Amino acid sequence: MKSEHILSVKFYAAIFGILLVLTLSTAGIAFVDLGGAWNAVAAIAIAVGKALLVVLYFMHARYSSRLTWVFAAAGVLWLMILIGGTIDDVLTRESITLPPLS
Amino acid sequence: MSNGDIVHAHQFDDFAQQHEASWNGMWVFLGTEVMFFGGMFAGYTMYRYLYPQAFASASNHLDILLGTINTAVLICSSFTMALAVRSAQLGARKPIMIFLLLTIVLGTVFLGIKFTEYYQKWVEHLIPGYDFSYTLSLARPAAIFFSFYFALTGVHALHMIIGIGLLTWLIVKAHRGRFSREYNTPVELVGLYWHFVDIIWIFLFPLLYLVGRHLG
């Protein structure tokens, strides 16, 4: 038989509650000027936190095999390469000027 | 149904191995989905870096109240989906169907709110390439923001629609008594898909709705 982890309804409800609180926090924090790029950093950090909760508990990654972790991590790794490889190009160039509208 | 009744396909040693293959196969598929959305996320990052002012200004044209409500609705649907999977693990036929139905209802509410927002954008002439009017100095990069907005939320909504289709199929199977404590792989895998679509939205919400709020 497959080994599986059955979590309690209470536990899922707690995760759900945390996710709702984080949603309201990120919306609230967005209105406060944290200066520079810190608003973006805060928004992304909260989103990563929420995504981790969903992956670990709702998607049971925490209770899955190491092989599953490898597949999940591979998705993140290639995404970082994709975004990193795009943005490093943009950061190190002269700014591109768009042709005028119409 | 006893444990002995579960038949595994001939290429697998046993049912556990078959389940492991299905489970990991779904994660591989989700990896390809990450890359599918990733291209748009990379493009978004680049243009936001190039035109921060226009992105902040355009972002403030989105309805933050509806966006926040929709985020909550989708998280709620992930919660009911998790409970549907839990019911399936326990082999409880009725609760599976109830939680799947709740998930469909919440998914439909999300799409309804999304449609309302699209309609608002249409009324406000914010559809790039069709009917777009904006402060002239920012018009062109703002159109880029709205192109990303419609492409990302549109493809996300398409995933939701496919998800609702899969959930409907699961309800039919559950009704026919196809799931048990021993066999509930399809419910688990659709669960993974649904949560993944939720995660995409978890990132879309701040990237689209919250860019320029602090600037007024």
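The structure displayed is predicted, hence computed values, not measured ones.

A few words on the overall build of chain A. What chain A contains, in helices and strands, is three helices and zero strands. Mapped from its N terminus to its C terminus, chain A presents α and β elements in the order α-α-α. Here the C-alpha radius of gyration of chain A, 19 Å, is well above what a compact globule of 102 residues would show, namely 13 Å. Its C-alpha atoms give chain A principal-axis dimensions of about 65 × 35 × 30 Å.

As a further point, take the overall build of chain B. Looking only at helices and strands, chain B features six helices and two strands. Reported as C-alpha extents along the three principal axes, the dimensions of chain B are approximately 70 × 30 × 30 Å. Looking at chain B as a whole, 58% of its 216 residues qualify as buried. Intrachain contacts of chain B at a sequence separation of at least 6 include 80% that bridge at least 24 residues. When the accessible surface of chain B is summed, it comes to about 8,900 Å², and 66% of that surface belongs to carbon and sulfur atoms. Charge centroids of chain B, computed over 12 positive and 12 negative side chains, lie 7 Å from each other.

Moving on, we get to the environment of A42(A). Inspection of the secondary structure assignment puts A42(A) in helix α2 (residues 38-58). Along the sequence, A42(A) and I6(A) sit 36 residues apart, while their C-alpha atoms lie 33 Å from each other.

Positive phi outside glycine occurs at H60(A), with the angle close to 60 degrees. Phi is positive for H125(B), which is not a glycine, with a value near 55 degrees. Looking at where H125(B) falls in the secondary structure, it is placed in the loop between α4 (93-123) and β1 (126-127).

So, about the side chain of E117(B). Residues and elements named next belong to chain B. Residue position: E117 is located in helix α4. Assessed through its relative accessible area of 0%, E117 is described here as buried. A distance of 2.6 Å separates polar atoms of two side chains, one belonging to E117 and the other to Y209. Every residue in contact with E117, bar those within four places of it in the chain, is listed here: D63, L66, G67, N70, Y149 and Y209.

Moving on to the interface of chain A and chain B. Counting residues at the interface gives 55 residues for chain A, matched by 58 residues for chain B. Across the chain A to chain B interface the summed buried area is about 4,900 Å²; carbon plus sulfur atoms make up 78%. Where chain A meets chain B, there are zero salt bridges. Counting every contact that joins chain A to chain B gives seven residue pairs in polar contact (both at pLDDT 80 or more).

Formed by 96 residues in total, the largest nonpolar core has its most connected members in F58(A), F145(B) and F146(B). For this core, the element with the most residues is helix α6 (residues 185-209) of chain B, which contributes 18 residues. Among residues more than four places away in sequence, those in contact with F146(B) are A58(B), H61(B), L62(B), K121(B), L126(B), P128(B), F132(B) and Y134(B).

Residues with a pLDDT of 70 or more make up 97% of chain B, whose mean pLDDT is 94. Quick note on the complex model: pTM equals 0.92, ipTM equals 0.91.

What counts and how
Residues numbered from 1 in each chain as written. Chains lettered and ligands numbered in written order. Predicted model: local features only at pLDDT ≥ 70, side-chain atom pairs only at ≥ 80, totals over all residues. Heavy atoms only, no water. Helix = DSSP H or I, 4+ residues; strand = E, 2+ residues; numbered from the N terminus. Rg over C-alpha atoms; globule rule 2.2 N^0.38 Å. Buried < 20%, exposed > 50% of the residue type's maximum accessible area, 1.4 Å probe, protein only. Contact = heavy atoms within 4.5 Å. Areas by Shrake-Rupley, 256 points an atom, 1.4 Å probe, with all protein chains shown as cover. Lys, Arg positive; Asp, Glu negative; His and termini not counted. Charge placed at Lys NZ, Arg CZ, Asp CG, Glu CD. Polar contact = N/O pair within 3.5 Å; in protein donor to acceptor, adjacent residues only side chain to side chain. Buried area = accessible area lost by both parts, 1.4 Å probe. Salt bridge = Lys/Arg side-chain N within 4 Å of Asp/Glu carboxyl O. Core = buried A, V, L, I, M, F, W, Y, C linked by side-chain atoms within 4.5 Å. pLDDT = per-residue confidence, 0-100.

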